[in-house]
Amino acid sequence: MTPGEQTTTASPGANTAALLQGWISRTDLARELGVCEETLRRWADARRGPAFVKAGRKILYRRATVLEWLETQEEVSPRRTRAGGRR
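Just so we're clear, the structure is a prediction, and the values are computed from it rather than from any experiment.

A. Seen up close, the packing of helix α2 (residues 26-33) against helix α3 (residues 37-45). Where α2 contacts α3, the two axes come as close as 8 Å, and the packing angle between them is 105°. Judged on the interaxial angle alone, α3 and α2 are roughly perpendicular. Contacts between α2 and α3 involve R26, T27, L29, A30 and L33 from the first element and E37, L40, R41, W43 and A44 from the second. Taken together, the residues of the contact of α2 with α3 sort by class into 6 nonpolar, 1 polar and 3 charged.

Here is the structure:
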């Protein structure tokens, strides 16, 4: 080792946290959206929800992808018309 060179001995948990930065679990996403995990499963089965990846048994969502998906869900409410039409 040369002078000024540093060694890093990070714990395995720290490496995992850095690796998964920008990703969110299905459980955490359900909590943030205020829906149950089953809803996210149904959306995935119907290909309606945000894109995800499977890493072993884990389902992970990229935060940026979830934000993009949420923006596509934005709806402009249609203008209400009066009942009965014109007079």
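Past the structure itself, the notes keep going.
B. The arrangement of the pattern of salt bridges in detail. Tallied over the full model, the rule gives 4 salt bridges. In this structure, the salt-bridge partner of R31 is D28, at a minimum N-O distance of 2.9 Å. Here D28 and R31 lie together in helix α2, a separation of 3 residues that amounts to about one turn. Since its relative accessible area comes to 58%, R31 is described here as exposed. Of the residues examined, D28 reaches a relative accessible area of 33% and is grouped as partly exposed. R63 is the partner of E32 in a salt bridge, and the nearest nitrogen-oxygen pair spans 3.7 Å. Of this pair, E32 sits in helix α2 while R63 sits in helix α4 (residues 63-72), and the two are 31 residues apart along the sequence. In the salt-bridge network here, residues are joined through shared partners; they are E37, E38 and R41.

The rules we used
- As a convention, each chain's residues are numbered from 1 in the sequence order in which they are written.
- With the structure being a predicted model, the display of local features is reserved for residues of pLDDT at least 70 and the display and counting of side-chain atom pairs for 80 or more, all residues being used for whole-chain, interface and lining totals.
- The basis for the side-chain values is all heavy atoms of the structure; hydrogens and waters are excluded.
- Axis lines are fitted to C-alpha atoms, over the contacting stretch for helices. Their N-to-C directions set the angle, which ranges from 0 to 180 degrees.
- In DSSP terms, a helix is any run of H or I states spanning at least four residues, a strand is any run of E spanning at least two, and both are numbered starting from the N terminus.
- Working rule for angles: under 35 degrees goes down as roughly parallel, over 145 as roughly antiparallel, 65 to 115 as roughly perpendicular, anything else as oblique.
- Here, two residues are considered to be in contact whenever any of their heavy atoms come within 4.5 Å of each other.
- Residue polarity is assigned by list, with Asp, Glu, Lys and Arg as charged and Ala, Val, Leu, Ile, Met, Phe, Trp, Tyr, Cys and Pro as nonpolar; anything else, Gly included, falls into the polar class.
- For this analysis, a salt bridge means a side-chain nitrogen from Lys or Arg found within 4 Å of a carboxyl oxygen belonging to Asp or Glu.
- We call a residue buried when its accessible area falls under 20% of the maximum for its residue type, exposed when it is over 50%, and partly exposed in between, using a 1.4 Å probe and counting protein chains only.

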